[in-house]
Structure formats: C-alpha cells, structure tokens
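Each chain, letter by letter, is given below.
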Amino acid sequence: SWPTTASRGMFFVFEGLDRSGKSTQSKLLAKHLETVGPVKWMCFPNRETATGMLIDLYLRKKIDLPDEAIHLLFSANRWEASRMIVDELGRGTHVVCDRYAFSGVAYSAAKGLDFEWCRAPDVGLPTPDGVFYLHVTPSEGAKRSAFGDERYENTAMQTRVREEFKRPALKERVAWRDVDGSREVGVIHDEIKATVDAIRLAEQENGHRPIARLWV
Ligand code: NYM
Ligand code: MG
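Residues numbered from 1 in each chain as written. Chains lettered and ligands numbered in written order. Predicted model: local features only at pLDDT ≥ 70, side-chain atom pairs only at ≥ 80, totals over all residues.

- Under an unreviewed UniProt entry, the name given to the chain is Thymidylate kinase, and the organism recorded is Prymnesium parvum.
- The record held by UniProt for the chain lists under Sequence similarities (unreviewed entry) the comment "Belongs to the thymidylate kinase family."
- Under the Pathway (unreviewed entry) heading, UniProt states for the chain: "Pyrimidine metabolism; dTTP biosynthesis." (UniProt positions renumbered as here; feature names shortened; annotations may be inferred.)

### Digging into the nonpolar core
So, step 1. In this structure, Phe12, Val96, Cys97, Phe102, Val105, Ala106 and Phe132 are the most contacted members of the largest nonpolar core, which totals 39 residues.
So, step 2. The element contributing the most residues to this core is helix H4 (residues 101–110), with 7 residues.
So, step 3. When sequence neighbours within four positions are dropped, the list of residues in contact with Phe132 reads Phe14, Arg177, Val179 and Ile192. (Core = buried A, V, L, I, M, F, W, Y, C linked by C-beta atoms within 7 Å. Buried ≥ 20, exposed ≤ 12 C-beta atoms within 10 Å, placed from the backbone. Helix = DSSP H or I, 4+ residues; strand = E, 2+ residues; numbered from the N terminus. Contact = placed C-beta atoms within 7 Å.)

### So, the sheet that holds strand E2 (residues 39–43)
Within a sheet, neighbouring strands are paired by backbone hydrogen bonds and run either parallel or antiparallel to one another.
So, step 1. Read from one edge of the open sheet, 5 strands run E2-E3-E1-E4-E5, paired in parallel fashion. Of all the strands in the sheet, the pair left with one neighbour each is E2 and strand E5 (176–180). On average, each strand axis in the sheet is inclined to that of its neighbour by 20°, with strand direction left out of account.
So, step 2. Contacting strand E1 (11–16), E2 and strand E3 (94–98), helix H3 (residues 67–90) runs over the sheet at an angle of about 145° to E3. (Pairing = 2+ DSSP bridges. Axes fitted to C-alpha atoms, helices over the stretch in contact; angles between N-to-C directions.)

### Looking at unusual backbone geometry
So, step 1. Between Phe44 and the following residue, Pro45, the backbone shows a cis peptide bond with an omega angle of 0°.
So, step 2. Mapping Pro45 onto the fold places it in the loop between E2 and helix H2 (50–59).
So, step 3. If you check the backbone angles, Lys61 has positive phi at about 65° while not being a glycine.
So, step 4. With respect to the helices and strands, Lys61 occurs in the loop between H2 and H3.

### Let's talk about the site of ligand 1
So, step 1. In the vicinity of ligand 1, the contacting residues are Asp18, Phe44, Pro45, Leu59, Phe74, Arg99, Ser103, Gly104, Tyr107 and Tyr152.
So, step 2. In terms of residue count, the dominant contributor to the shell around ligand 1 is H4 (3 residues).
So, step 3. For the shell around ligand 1, the residue count by class is 6 nonpolar, 2 polar and 2 charged. (Near = placed C-beta within 6 Å. Nonpolar A, V, L, I, M, F, W, Y, C, P; charged D, E, K, R; others polar.)

Take a look at the structure:
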C-alpha cells in the first residue's frame, strides 16, 4: 500500500456507459464534499496531457491505433496522474473521479482483447474507497439524447461494454456499488451522498486505512 498520514482524503470513482450520468453525479458529489473539505475533481481520459492528446485524436477518429496500443495509452494516462492522486489524498483532499481503470478494462475487453491482459497494466494504481457504477437499462439509455460521434458511441459497442462491466473480476477487492441511474438526478445524488457520508464516518471512527493498490 501507499504511505499515508493518519488522516487522509477519500477517493471516489464514477463508472458506467456513455450517457449514464457520471459527469453530472461526480460533479454533484464533488460539490457536496466541498462543504466538508478540499476536493479535487478529475476525469479519465484527461485529454490535456501528452498521452491524453493522442487519446483525444484517437477518440475523435483523427488517428488510428491498434487496440492494444490505445489500451496502454489509456492506462498510461492514469499512471501519469497516480502520484498526484496519492499526494492529494495524503494532504487530506478528497478526490472524485469520472471514469477510472474499470472503464479501461471494460471498453477494451468489449473490443475482443483478453480480459486479464487488459487488467494487467492498471494493477497497482491507487484503489478507490468507493466506486459508483451508474447503470441505465438499454431502453432508458435510448430515451436519452443521442450519442456523439466519437469512437465507441454506438449501441452495439455499449451493449458489449455493459456485459464486461458485469464481470466479478473487475470488482475484486473493490468497494463497488451498483446505482440505478435511471432515476431523477436528485434522487441518485441523495443516495450516493448518504453512502459517501457513511463511508467517511466509518473511516473517521475506525481510523483511516492506507490507500491500497488496485487488484493487488
Ligand atoms: N474509455 C475511457 C476507454 O476506452 N478506456 C479508458 O480507460 C477510459 C478512461 O473513452 N467512450 C472510453 C470511454 C468513452 C471515451 O470518455 C471517452 P468520456 O468519459 O466519454 O469523455
Ligand atoms: Mg463519452
């Protein structure tokens, strides 16, 4: 595990398909946590960094890359930020993240890459204290605004990604929570807020556990 101080920030991740409400909910949680202390909101891919610029070109179909190569770039994009995440948590800042390694594995495995091969490069990243998986039924998803025209934003791909997100190996030693994302924004937020506050209280009472490494 990573070295940490006695009191650290908590690390929460939002996962789900495109259009599942991750951005909305992660920003609402960040706003809620700001009432108790400093918060850092982040998203993956972070398109601003060196690897992120290539990822952005790939997603916008400006460049082509082998499935394996883009998979490793997505993972590298997280490793670029890993030290910063650990440092922020150590400083007592809560970190809220829109997508993480779980998207990395689910989207690449959905293209046919071997699941364990996909998981390997992300092994050892800082583990979140809670993952909220926002799930929407295909029929609810269809009611939402149309997909954009980035890579992966089509029904066939989303259907395959949904299946990959169900794999138990993705959730091994991970505080994973399925959240019904078909409901109203405020209802979903209230449920997540209650869960997060319970996790924070338990940590305060039992003492903070060190930041574990993912899938180790
Ligand atoms: N995506 C995201 C991956 O394929 N692998 C990853 O590791 C991550 C973090 O990028 N369709 C895909 C999922 C999305 C796309 O993300 C861009 P967003 O959150 O839609 O901007
Ligand atoms: Mg998207």
